[in-house]
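Here is how the chains run, residue by residue.
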Amino acid sequence: MRTDSSPGSLPAREHLPAAGAGTPVLDVVVPVYNEEKDLGPCVRRLHEHLTRTFPYAFRITVADNASTDGTPQVAARLAADLAAVRSVRLEQKGRGRALGTVWSASDAPVLAYMDVDLSTDLNALLPLVAPLISGHSDLAIGSRLARSSRVVRGAKREFISRSYNLILRGSLQARFSDAQCGFKAIRRDVAQVLLPLVEDTGWFFDTEMLVLAERAGCRIHEVPVDWVDDPDSTVHIVRTATEDLKGVWRVGKALATGSLPLDRLARPFGDDPRDRDLTGVPQGLARQLVGFCVVGALSTLFYLLLYSGFRHFAGSQLANALALLVSAVANTAANRRLTFGVRGRGGAVRHQAQGLVVFGIGLALTSGSLAALSAATADPDHSTELAVLIAANLAATVLRFLLFRAWVFPDTPPAAPSPEPHRTDPQRTWSDAR
């Protein structure tokens, strides 16, 4: 996983201006490897569909992944016969390498790709790219797992696809529903920022791109698709699944250690209503409260388990101090990452030191409560001790949240992005080019 500095923040999302003369609005990449039989009919069908239904200028780019059959000759004939078709030859294999190379060099504001078998119904193409043109979204993906999708494929592929997406949700907290559907689009300005961070050059490329985009705050639009499995697909399922799992481990490790510079891309858009300065509305308060409560509930359970264990060989005061110390370190780390969204190792030691100060306040409250209980009752039973500790911890929790929010993890308003001059008339839209 690349850990070099980010190439820059994403621009504010807006309706794309009109393209210059001769510049296509959409560049559809069709990556191929040894597809001399299917390439011609599929590209001609795609070209006919776009000519008949797509209201903007377009380009179809055949990206040849070092084919060893007659695919390069077929691609060259298509480029010669159809004005809106071009071919690009790569001497190394890898679907991700092909997409990254062509997308990085394209001048079209919207970039897409689809598999050469055209398993996805082409009527979904305009709904796929329209949210990107309008400025509503940054990426768009076809989903075979949406409720309204109509899919025809075998039980084996269905099981593998759903299992893979469950793994992504459980390990990388992905919220998109279908990472593997070969039907995706991205705005070029977003691709220029995200692609340098994507390391994979094979089948895991688009999954990695989606995970990074989601973590960077991009909006991903999902389109239900009609999809028919290609029985002649040359994809090696076991090998592809193994490489995908390796990619999940690599990306998950990078995210967990904070080695990715995604904090520089967080909240990149100037049109995010959560970034507005509203009087009387603290930024992120509701989300932070929910996160703090969840972490607090788990920490309290962890604390009580530790206290019960320590109580077997230590007095109540010592058991309380040990349990509170261990749970406080875990609580600060969890709140730092989950509640207040602080990533990376920077400031972690300082945050833990401040958290220990907050721990000291909590220790004083709980220890004082135990001392008061001992003064009131000579030999209190265990259940009474736990009840008193729960009440004292609730009071300490409220104070801890206030101190965390105001002192340990204070809000730092994002710097206002400097406006960049437009090279085209901002009043023009894609409709002007029609």
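Residues numbered from 1 in each chain as written. Predicted model: local features only at pLDDT ≥ 70, side-chain atom pairs only at ≥ 80, totals over all residues. Heavy atoms only, no water.

A. Highlighting the pairing of strand S3 (residues 85-90). Both strand S2 (residues 58-65) and S3 contribute to a ladder of six bridges, which runs parallel. What sits directly across from Asp64, in S3, is Arg89. Between the parallel pair S2 and S3, the chain is carried across by helix H2 (residues 71-81), and the sense of this crossover is right-handed. (Pairing = 2+ DSSP bridges. Helix = DSSP H or I, 4+ residues; strand = E, 2+ residues; numbered from the N terminus. Right-handed = clockwise from strand over helix to strand, strands pointing away.)

B. Focus on the pattern of salt bridges. Applying the stated criterion to the full structure yields 16 salt bridges. One connected set of salt bridges, linked through shared partners, spans Asp27, Arg59, Arg86 and Asp107. (Salt bridge = Lys/Arg side-chain N within 4 Å of Asp/Glu carboxyl O.)

C. Spatial organisation of the packing of helix H11 (residues 348-376) against helix H12 (residues 382-408). In contact at an axis separation of 9 Å, H11 and H12 are set at 150° when each is read in the N-to-C sense. One element, H11, and the other, H12, form an angle in the roughly antiparallel class. Note that H11 runs across H12; the crossing there is right-handed. Looking at the contact of H11 with H12 residue by residue, the classes come out as 16 nonpolar, eight polar and three charged. (Axes fitted to C-alpha atoms, helices over the stretch in contact; angles between N-to-C directions. Parallel < 35°, antiparallel > 145°, perpendicular 65-115°, else oblique. Left-handed = near helix turned anticlockwise from the far one by under 90°. Nonpolar A, V, L, I, M, F, W, Y, C, P; charged D, E, K, R; others polar.)

D. Structural detail: the sheet that holds strand S1 (residues 26-32). Taken together, the seven strands give an open sheet; going across it, the order is S3-S2-S1-S4-S7-S5-S8, and neighbouring strands pair in mixed fashion. Strands at the two margins of the open sheet, each flanked by one partner only, are S3 and strand S8 (220-224). Direction aside, neighbouring strands of the sheet carry axes that sit 20° apart on average. As paired strands, strand S5 (residues 139-143) and strand S7 (residues 183-187) are joined by three bridges and run antiparallel to one another. If you follow Ala140 over to S7, its bridge partner there is Ala185. The sheet contacts of helix H1 (residues 39-53) involve S1, S2, S3 and strand S4 (110-114), and relative to S2 the element is tilted by about 160°. (Contact = heavy atoms within 4.5 Å.)

E. Representation of the pairing of S2. For S2, the buried fraction is high: eight of the eight residues fall into the buried class. Taking every second residue as pointing to the same face, both faces of S2 are buried, with Phe58, Ile60, Val62 and Asp64 on one and Arg59, Thr61, Ala63 and Asn65 on the other. Pairing between S1 and S2: seven bridges, direction parallel. Paired with Asp27 across the bridge in S2 is Arg59. The β-α-β motif built from S1, the intervening H1 and the parallel element S2 has right-handed crossover chirality. (Buried < 20%, exposed > 50% of the residue type's maximum accessible area, 1.4 Å probe, protein only.)

F. Representation of the packing of helix H10 (residues 316-339) against H12. Between H10 and H12, the least distance of the axes is 13 Å, while the angle of their chain directions is 35°. Considering the relative orientation of H10 and H12, their crossing is right-handed. Contacts between H10 and H12 pair Ser316, Asn320, Leu324, Asn331, Thr332 and Asn335 from the former with Glu385, Leu389, Asn393, Arg400 and Phe404 from the latter. Taken together, the residues of the contact of H10 with H12 break down into three nonpolar, six polar and two charged.

G. Highlighting helix H5 (residues 155-172). Given a rise of 1.5 Å per residue, 18 residues ought to cover 26 Å, and the 25 Å separating the end C-alpha atoms of H5 matches this to within 8%. Buried within H5 are the following residues: Ser161, Tyr164, Asn165, Leu168 and Leu172. With its buried residues spanning 90° around the axis, H5 presents them on a single face. Across from the buried face of H5, at angles greater than 90 degrees, the exposed residues are Ala155, Lys156, Phe159, Leu166 and Gly170. (Expected span 1.5 Å × (residues − 1). Arc of directions from axis to C-beta.)

H. Focus on a nonpolar patch on the surface. A cluster of nonpolar residues, Phe302, Leu325, Val326, Val329 and Leu356, forms a patch on the protein surface that exposes about 360 Å² of accessible area. Broken down by element, the nonpolar patch gets its largest block of residues, three residues, from H10. Within the element layout of this structure, Val326 appears in helix H10. (Patch = residues over 30% accessible without salt bridge, like charges linked within 9 Å, V, L, I, M, F, W, Y side chains within 5 Å. Areas by Shrake-Rupley, 256 points an atom, 1.4 Å probe, with all protein chains shown as cover.)

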